[in-house]
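Chain by chain, the residues:
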Amino acid sequence: MKNTETIEPHGGSLVNLLVDEKRQTILKDVAFNLSDITLNDRQLCNLELLATGAFSPLKGFMTRTDYESVLDRMRLQNGDLWPIPICLDISETKAKSLEAGQSVALRDPEGFLLAIMEIEEIWAVEVEKEALQVFGTSDQGHPGVQQLYKKAGNFYIGGSLEILSLPLHFDFKQLRLTPQEIRNIYKRMGWKHVVGFQTAQPIHRPQYELTIKAMQQAKANLLILPIAGMTKPGDFDHYTRVRCYREVTRHYPPDSFILNLLPLAMHMAGPREALLQTIISKNYGCTHFIIGHDHAGPGRDKNGKSFYKSNDAQKLTDEYSKEIDIKIISFGEMVYLPFEDEYSFVDQVPEGSKTISLTGSDIRERILTGRQIPKWATFPEVVDELRKAYPTPQKQGFTVFLTGLSGAGKSTVAKVLFSRFLEIGDRPVTLLDGDIVRRNLSSNLKFTKEDRDINVRRIGFVASEITKNRGIAICAPIAPYESTRSEIRSTIESYGGFIEVHVSTPIETCEKRDRKGMYAKARAGLIKGFTGVDDPYEIPASPEVSINTTDITPNEAAQEILLFLGQKGFI
Ligand code: PPS
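If you're wondering where the values come from, they're calculated on a predicted model, not measured in any experiment. (Residues numbered from 1 in each chain as written. Predicted model: local features only at pLDDT ≥ 70, side-chain atom pairs only at ≥ 80, totals over all residues. Heavy atoms only, no water.)

Caption draft 1: Just helix 2 (residues 41–52), in detail. Compared with an ideal rise of 1.5 Å per residue, which puts 12 residues at 16 Å, helix 2 spans 17 Å between its outermost C-alpha atoms and is within 8% of the ideal. Within helix 2, 11 of the 12 residues are buried, which leaves it mostly tucked inside the rest of the structure. Along helix 2, the residues classified as buried are R42, Q43, L44, C45, N46, L47, E48, L49, L50, A51 and T52. Positive backbone phi, at 90 degrees, marks G53, one or two positions downstream of helix 2. (Helix = DSSP H or I, 4+ residues; strand = E, 2+ residues; numbered from the N terminus. Expected span 1.5 Å × (residues − 1). Buried < 20%, exposed > 50% of the residue type's maximum accessible area, 1.4 Å probe, protein only.)

Caption draft 2: Spatial organisation of a nonpolar patch on the surface. Together, F112, L168 and F170 make up an exposed nonpolar region whose accessible area comes to about 350 Å². Within the secondary structure, L168 is located in the loop between strand 6 (155–163) and helix 7 (179–189). Judged by relative accessible area, L168 falls into the partly exposed class, the value being 44%. (Patch = residues over 30% accessible without salt bridge, like charges linked within 9 Å, V, L, I, M, F, W, Y side chains within 5 Å. Areas by Shrake-Rupley, 256 points an atom, 1.4 Å probe, with all protein chains shown as cover. Salt bridge = Lys/Arg side-chain N within 4 Å of Asp/Glu carboxyl O.)

Caption draft 3: Spotlight on the domain arrangement of the chain. When the domains of the chain are assigned, the result is domain 1 (21–163), domain 2 (173–335) and domain 3 (393–567). A separation of 44 Å is found between the C-alpha centroids of domain 2 and domain 3. (Domains from an automatic or database assignment.)

Caption draft 4: Structural view of the environment of D453. If you trace the backbone, D453 turns up in helix 16 (residues 449–468). Judged by its relative accessible area of 7%, D453 is buried. Separated by 227 residues in the primary sequence, D453 and P226 place their C-alpha atoms 36 Å from one another. When near neighbours in sequence (up to four residues on either side) are disregarded, D453 contacts Y481 and T484. (Contact = heavy atoms within 4.5 Å.)

Caption draft 5: Structural context of the pattern of salt bridges. All chains considered together, the criterion is met by 28 salt bridges. When the shortest N-O distance is used, the salt bridge between D171 and R176 registers 3.0 Å. Assessed through its relative accessible area of 13%, D171 is described here as buried. With a closest N to O distance of 3.2 Å, R489 and E500 form a salt bridge. On the criterion of sequence distance, the pair formed by R489 in helix 17 (residues 482–493) and E500 in strand 17 (residues 497–503) is long-range, its members being 11 residues apart. According to the relative accessible area criterion, R489 is buried, its value standing at 16%. Residues participating in the shared-partner salt-bridge network are E482, R485, R489, E493, E500 and E544.

Caption draft 6: Broad picture of the environment of I328. On the secondary structure map, I328 appears in strand 11 (residues 327–330). Assessed through its relative accessible area of 14%, I328 is described here as buried. Between the C-alpha atoms of I328 and G101, which are 227 residues apart in sequence, the distance is 41 Å.

Caption draft 7: Inspection of the packing of aromatic side chains at higher detail. One pass over the structure, following the stated rule, counts 17 aromatic pairs. Ring centres of F401 and F498 lie 5.6 Å apart, and the angle between their planes is 35 degrees; on these two criteria the pair is classed as tilted. Placement of the pair is F401 in strand 14 (residues 398–403) and F498 in strand 17, with a sequence separation of 97 residues. Neither F401 nor F498 differs from the other in exposure class; each is buried. Aromatic ring contacts, followed pair by pair, group Y208, Y252, F257 and F379 into a single cluster. The ring of F236 has R364 sitting right over it, with the charged end atom 5.7 Å from the ring centre. Sitting above the plane of the F447 ring, R438 keeps its charged end 3.8 Å from the centroid. (Phe/Tyr/Trp six-rings, centres within 6.5 Å; stacked < 30°, edge-to-face > 60°. Lys NZ or Arg CZ within 6 Å of the ring centre and 35° of its normal.)

Caption draft 8: Molecular detail of the packing of helix 10 (residues 271–283) against helix 11 (residues 312–324). Here helix 10 crosses helix 11 at 35 degrees, and the two axes come no closer than 8 Å. The two elements helix 10 and helix 11 cross, and the hand of that crossing is right-handed. Every residue of helix 11 that contacts helix 10 at P271, R272, A274, L275, T278, I279 and K282 is listed here: D312, A313, L316, T317, Y320 and I324. Per-class residue counts for the contact of helix 10 with helix 11 are eight nonpolar, two polar and three charged. (Axes fitted to C-alpha atoms, helices over the stretch in contact; angles between N-to-C directions. Left-handed = near helix turned anticlockwise from the far one by under 90°. Nonpolar A, V, L, I, M, F, W, Y, C, P; charged D, E, K, R; others polar.)

Caption draft 9: Spotlight on the site of the ligand. Taken together, 18 residues are adjacent to the ligand, and S406, R438, R452, N455 and G529 come closest. Residue I478 places a main-chain N or O atom 2.9 Å away from an oxygen atom belonging to the ligand. A distance of 2.8 Å separates an oxygen atom of the ligand from a polar backbone atom of A479. Its free accessible area being 620 Å², the ligand has 92% of it covered by the protein chains. (Near = heavy atom within 4 Å. Polar contact = N/O pair within 3.5 Å; in protein donor to acceptor, adjacent residues only side chain to side chain.)

Caption draft 10: Structural context of the nonpolar core. The biggest cluster of nonpolar side chains holds 79 residues, and the ones touching the most others in it are F55, W82, L106 and L161. Counting contributing residues, this core receives three or more from each of domain 1 (21–163) and domain 2 (173–335). Apart from residues no more than four positions distant in its own chain, F55 is found in contact with N46, L49, L50, W82, I86, L264, L276, I280 and N283. Formed by 41 residues, the second largest nonpolar core is a distinct cluster that contains V195, A218, I329 and V382. (Core = buried A, V, L, I, M, F, W, Y, C linked by side-chain atoms within 4.5 Å.)

Written as structure tokens, this is what we have:
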């Protein structure tokens, strides 16, 4: 049997793109001769939501006409409401190797066959138009816009799907039910009204109070759908959040809620994202959906201005709620009244009452810096879980990344630091000096831009693993390119500290030192592409520490770095 389109509706029909076993066997044979596309995390999320019908009425990755139509009028070509393009992005090289009418095998990064897609169209992404229509801005400070400009492939392919298997998950299997399975539970439990709550943040006291109020207002049970796909950079990971949700759910009345993970790759598109979430909730059988202030927004731009107005999402979802057939429960900001010991909406606070509040970001900041969090702001069990997973700088791992010209003094300073950290003795320490890495990890690499980038990324990968496991990594490559350094920074910063040290000793000093005689050889033309001589070094834009070793000893240089680490609480 091929795709089933509708299975037992309960508040709207559901698409199901998963094929039965017989068809799976046929498709496995077909895939043998097909070109492959390896899906990244974002694409795997989209595939999963398409497969299970959470993205109903979509039946595959969008074609160009649907894409254009969604951008221009938030509707598929056939008029169905849909706010955000769900297309499959590929590189230009891949696009050139494919043509419409052909089928491709979609695989996970391990090569496991997930789906066969029949390509209907291939087209170049209209990056600027998509950014402006979906996000309302082309400012790359917006993470969704940055994803579109910098990370996604610049071609789309659209077409129908036959899905053999959902992407594999090994975590929280009991919390990964499909929309149909969730709807079946409502039926079994006799739940008539269900209010959906989607969140990428832990549930603190205000969110708890808000869900309770929503349940009371709608006389409904609660479906908590924590977003376990891709969220905003810097958000708490879903493993930690699920442990927190499990603690919080003990406070809800028994049998009044379901906790189920939503593998959604967020775009942080504010109003349009809120509309997408409303459609998803409807597909999970919800009769009501909670929209908070600044729902699904990425926060503020570099000038401190919010990307979206706080009630934009509420306005848009309200406008379409009838058509989706779901009731929107929109809530403003909640504040705590210390004398009354209760929460209230900010616009309902009795005159003269004192109020206090801590936002989710405030709590996150306090967790990361080890400051106290009062009981009225969140549940102590949640604080415990967050503190376990996100220790203070003193217990986090970190990477000291020394970059600079050959002969600038990176290795010597790195060696001093290595000894000092061993002396302190509270974390395992690894020295990833340029030479050591070149010998052990990158012996086959030369000094072309590509090879240097591979070399530096390898160092970054090892350092990120060390940092993740709460050790100290000291790296000392030339690392001449800013974009590669900042790529490494963003990976490592999600696990712990990243301290970029620009060893800024000028080339004249480095050349005068010329301990290895390399500059002399480079000047004589015996070595080509030598950094600083006939190859570029991009000066770090904003390093944490900058040290010129011309007139200071390696010990003094190391001391500056240790001072910085002390100030930031790492040591
Ligand atoms: S990079 O650019 O980060 O991959 O370089 P790195 O791995 O740190 O290697 C730098 C050391 O290799 C020697 N060497 C060269 N450096 C720069 N350019 C060219 N073409 C080159 N060829 C060899 C050089 O001595 C560097 O050693 P250090 O310890 O930095 O002086």
